[in-house]
Amino acid sequence: NVYGKETYQDLCNLIESYVENKNIEVEIYQSNHEGDLVDRIQQAYYDKVDGIVINPGAYTHTSIALLDALKSVNIKTIEVHISDLSKREDFRQISFVSLACIKSIKGHGLKGYLEANNNFTYTYISNFFEQIAKFFITFLLLFIFKNQKIENKILLCFLALMSSEIVSFTYL
């Protein structure tokens, strides 16, 4: 059997027990209908979820609608497949959904879902420390520039270049 012997309920139990003491909220949603999946992806935007883990099944290879929905919400998404698609039929080598994903996990069985969760946790911790580092770099640069009495416009330009955000300036 390509997918193993575990059931959908086994997957739900595995995920729920995994996140139980980790201060992580999850919603597990399953549908065999493409439109329902698109609706749930779009609802995730309004629910302000931090990430989506998706196993689109056969829709992986056919659904531009899921791809468009994932792109439109701009939520970090990880694609999970229980089986290793690279070792299966030729038509399974194309994943439209992966074009909107930060990572694809294939062939790790149900544990791939936990790996996806770990990837999100690692990403958010890394981003947190990156933001702290940017704060201290900005603080240090601000301190250095303030001591050197450099004009504010130059300081603002330099700090904008140091940040990952796009900043618009108007020079008068």
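Residues numbered from 1 in each chain as written. Predicted model: local features only at pLDDT ≥ 70, side-chain atom pairs only at ≥ 80, totals over all residues. Heavy atoms only, no water.

> I would appreciate a short explanation of helix 2 (residues 34-46) in the present structure.
Its 13 residues place the ends of helix 2 19 Å apart at the C-alpha level, agreeing with the 18 Å of an ideal helix rising 1.5 Å per residue. In this structure, the buried side of helix 2 is in contact with strand 1 (52-54) and helix 3 (64-73). Where helix 2 ends, the next residue or the one after it, Lys48, has phi of about 55°, a positive value. (Helix = DSSP H or I, 4+ residues; strand = E, 2+ residues; numbered from the N terminus. Expected span 1.5 Å × (residues − 1). Contact = heavy atoms within 4.5 Å.)

> How should the packing of helix 2 against helix 3 be read in this particular structure?
For any two helices packed against each other, the geometry is given by the interaxial angle and the distance between the axes. Look at helix 2 against helix 3: their axes get within 9 Å of each other, and the N-to-C directions meet at 5°. Viewed along their axes, helix 2 and helix 3 adopt a mutual orientation that is roughly parallel. Contacts from Glu34, Leu37, Val38, Ile41, Gln42 and Tyr45 of helix 2 reach helix 3 at Ala65, Leu66, Ala69, Leu70 and Val73. (Axes fitted to C-alpha atoms, helices over the stretch in contact; angles between N-to-C directions. Parallel < 35°, antiparallel > 145°, perpendicular 65-115°, else oblique.)

> Help me understand the packing of aromatic side chains, please; the structure alone is not making it clear to me.
Here a ring pair, both rings aromatic, is described through the centre-centre distance and the interplanar angle of the planes. Overall, the coordinates contain one aromatic pair when judged by the stated rule. Look at Tyr45 and Tyr46: their rings are 5.2 Å apart centre to centre, the planes differ by 85°, and that puts the pair in the edge-to-face class. Under the relative-accessibility criterion, Tyr45 is labelled partly exposed at 45%. (Phe/Tyr/Trp six-rings, centres within 6.5 Å; stacked < 30°, edge-to-face > 60°. Buried < 20%, exposed > 50% of the residue type's maximum accessible area, 1.4 Å probe, protein only.)

> Help me understand helix 3, please; the structure alone is not making it clear to me.
Residues three or four positions apart in an α-helix share a direction because the helix packs 3.6 residues into each turn. Where helix 3 is concerned, the buried positions are Leu66, Leu67, Ala69, Leu70 and Val73. One face of helix 3 carries all of its buried residues, which in axial projection span an arc of 165°. Of the exposed residues in helix 3, the ones pointing more than 90 degrees away from its buried face are Lys71 and Ser72. Among the residues of helix 3, the N-terminal cap falls to Ser63, whose side-chain oxygen and the backbone nitrogen of Ala65 are separated by 3.4 Å. A positive backbone phi angle near 55° is found at Asn74, which sits one or two residues after helix 3. (Arc of directions from axis to C-beta. Polar contact = N/O pair within 3.5 Å; in protein donor to acceptor, adjacent residues only side chain to side chain.)

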